[in-house]
Amino acid sequence: MTTLEEAPARVVGIDPALRGHCQTCGVAVRANRYYCDEHRPTPKPRTRKRSRGKRLTPEQAAASPEPVREAIRDVAEGARPSKRPSVEATNKLLSKLLYYAFLLVVMSVVSSDTTLSEEEKQQTSAGLALSDEDAAAITHPFARMLTPTAIWQRVGSGVLENSDFIDALVALYDAASGLMRYRRERARREARLRAMGPTANGQAPFAAPAPAPAAPIAIPEGGVMPSPEVIAEIRRRHGQETP
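By convention here, each chain's residues receive numbers from 1 onward along its written sequence. For this predicted model, a pLDDT threshold of at least 70 governs which residues receive local features, and a threshold of 80 or more governs which side-chain atom pairs are given and counted, while totals over whole chains, interfaces and linings are taken from all residues. Each side-chain value is worked out from all heavy atoms of the structure, with water and hydrogens disregarded.

Draft legend 1. Spotlight on the pattern of salt bridges. For this document, the term salt bridge refers to a Lys or Arg side-chain nitrogen within 4 Å of an Asp or Glu carboxyl oxygen. In total, this model carries three salt bridges according to the counting rule given. Asp-167 serves as the salt-bridge partner of Lys-96, at 3.2 Å between the closest nitrogen and oxygen. Taken together, the residues Lys-96 in helix α4 (residues 87-110) and Asp-167 in helix α8 (residues 164-196) connect sequence positions 71 residues apart. Think of it in three bands: with a 1.4 Å probe and only protein chains considered, a residue is buried below 20% of the maximum accessible area for its type, exposed above 50%, and partly exposed in between. By relative accessible area, which is 33% here, Asp-167 ends up partly exposed. Strands are runs of DSSP state E lasting at least 2 residues, helices are runs of H or I lasting at least 4, and numbering of each runs from the N terminus.

Draft legend 2. Representation of a nonpolar patch on the surface in the model. Only residues whose relative accessible area exceeds 30% and that form no salt bridge are eligible for patches; like-charged ones are grouped when within 9 Å, while nonpolar side chains (Val, Leu, Ile, Met, Phe, Trp, Tyr) are grouped when within 5 Å. Only the protein chains shown count as cover for residues, and all accessible areas are computed by the Shrake-Rupley method using a 1.4 Å probe. Together, Ile-138, Phe-142 and Met-145 make up an exposed nonpolar region whose accessible area comes to about 330 Å². Of note, Ile-138 is situated in helix α6 (residues 132-146). Ile-138 sits in the partly exposed class, given a relative accessible area of 42%.

Draft legend 3. Local environment of the layout of surface pockets. In this analysis, the protein atoms alone were mapped onto a 1 Å grid. Cavities are point sets where a 1.4 Å probe fits without being able to get out; pockets are open sets with protein on both sides within 12 Å along at least five of seven lines; lining residues have an atom within 4 Å of a point. Grid points are joined across faces, edges and corners, and a volume is the space filled by probe spheres set on the points. In this structure, the largest pocket encloses a volume near 720 Å³. The wall of the largest pocket is formed by 23 residues, among which Met-107, Gln-122, Tyr-173, Ser-177 and Arg-181 lie closest to the centre. For the lining of the largest pocket, the secondary structure elements donating two or more residues are α4, α5 (118-128) and α8. At ten residues, α8 tops the list of elements feeding residues into the lining of the largest pocket. Among the residues forming the lining of the largest pocket, the class breakdown is ten nonpolar, five polar and eight charged. Asp, Glu, Lys and Arg are counted as charged, while Ala, Val, Leu, Ile, Met, Phe, Trp, Tyr, Cys and Pro are counted as nonpolar; the rest, among them Gly, fall into the polar class.

Draft legend 4. Molecular detail of the packing of aromatic side chains. Here is the rule: rings of Phe, Tyr and Trp (six-membered ring for Trp) pair when centre to centre is within 6.5 Å. Planes less than 30 degrees apart are stacked, more than 60 are edge-to-face, and the remainder are tilted. Counted by the stated rule, this structure contains one aromatic pair. Where Tyr-99 meets Tyr-100, the ring centres are 5.4 Å apart and the plane angle is 70°; that geometry is what we call edge-to-face.

Draft legend 5. Geometry of the environment of Leu-98. Structurally, Leu-98 can be placed in helix α4. By relative accessible area, Leu-98 is classed as partly exposed at 25%. Spatially, the C-alpha atoms of Leu-98 and Ile-138 are 8.8 Å apart, while their sequence positions differ by 40 residues. Apart from the residues lying within four places of it in its own chain, the contact partners of Leu-98 are Leu-130, Ala-135, Ile-138 and Thr-139. Contacts: residue pairs with any heavy atoms within 4.5 Å of one another.

Draft legend 6. α8, seen in detail. Under the 1.5 Å per step criterion, the end-to-end length of α8 is 49 Å for 33 residues, consistent within 8% with the ideal 48 Å. Of the residues trailing α8, Gly-197 is marked for its positive phi of about 100°. Expected helix span is given by 1.5 Å per residue-to-residue step, counting one fewer step than there are residues.

Draft legend 7. Representation of the side chain of Ser-163. On the secondary structure map, Ser-163 appears in the loop between α7 (150-161) and α8. Separated by 2.9 Å, the side chain of Ser-163 and the backbone oxygen of Leu-160 make a polar contact. Among all residues touching Ser-163, those that are not within four sequence positions of it are Leu-93 and Lys-96. We call two N or O atoms a polar contact when they sit within 3.5 Å, provided that within protein one can donate a hydrogen and the other can accept it, with sequence-adjacent residues counted only if both atoms are side-chain atoms.

Draft legend 8. View of the packing of α4 against α7. Fitted lines through C-alpha atoms serve as axes, helices being fitted only where they are in contact, and the angles separating the N-to-C directions of these axes extend from 0 to 180 degrees. Here α4 crosses α7 at 60°, and the two axes come no closer than 11 Å. Comparing the axis directions of α4 and α7 gives the class oblique. Read as a crossing pair, α4 and α7 show a hand that is left-handed. Of α7, the residues touching α4 (which contributes Ala-89, Thr-90 and Leu-93) are Trp-152, Val-159 and Leu-160. Tallied by class, the residues present in the contact of α4 with α7 amount to five nonpolar, one polar and no charged. What sets the label is the angle itself: under 35 degrees gives roughly parallel, over 145 gives roughly antiparallel, 65 to 115 gives roughly perpendicular, and the rest give oblique. Crossings are sorted by hand: turned counterclockwise from the far helix by less than a right angle, the near helix makes the crossing left-handed, and turned clockwise it makes it right-handed.

Draft legend 9. Representation of the state of the cysteines. Throughout, disulfides are identified as pairs of cysteine sulfur atoms within 2.5 Å of each other. This model, assessed by the stated rule, comprises zero disulfides. Free of any disulfide, Cys-22 has its nearest neighbouring cysteine sulfur in Cys-36, separated by 3.6 Å.

If you want it as structure tokens, here you go:
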């Protein structure tokens, strides 16, 4: 590439007849140069002209259609830097995650206790769960360490803005748990009713009929009791068991 001192005279504005000598100190140089190495000027970097769109004047912006003004306003608002996450906001998110995670662990442990009823299980789970203050105290040091990191400063704002997704998942889980509890209670009620027998239309539970009393044995005239063999034969004929 041709340097500034080697450029044609019409470009640098120097008489071509002066080539071969330094224009500063007069020392002899190559025939196609105008300066020596010591006095050679530093070439200026080339700059490219950027074509920018024309800005609207206040009068033009006011006269532009409403959708255009709304688009300009939306772009201007979107260009504003988002608010960086703070330690308090980060700790609020972490404490919420810890609270729900620990509650799930407690519920899974308590649910396996067969000696407790459903109401007792719920009361026990609520008593063993972390409080909001305890959860915030546990997560605060971690929030203080996480907040200044580069990755959290980059993505933390978006995560905090969508933290209500956690509450939505918890509400969905609570609704599903209530439905499952109803199904278990319904299955137990149906099992008890089947064990009691048919009770449709308010009828009493079915009971097996009592056996008919044994028919008395007739004593023949004369007051003489028959022998045990005769009594057994009589009972056999009448379908009665021998005592």
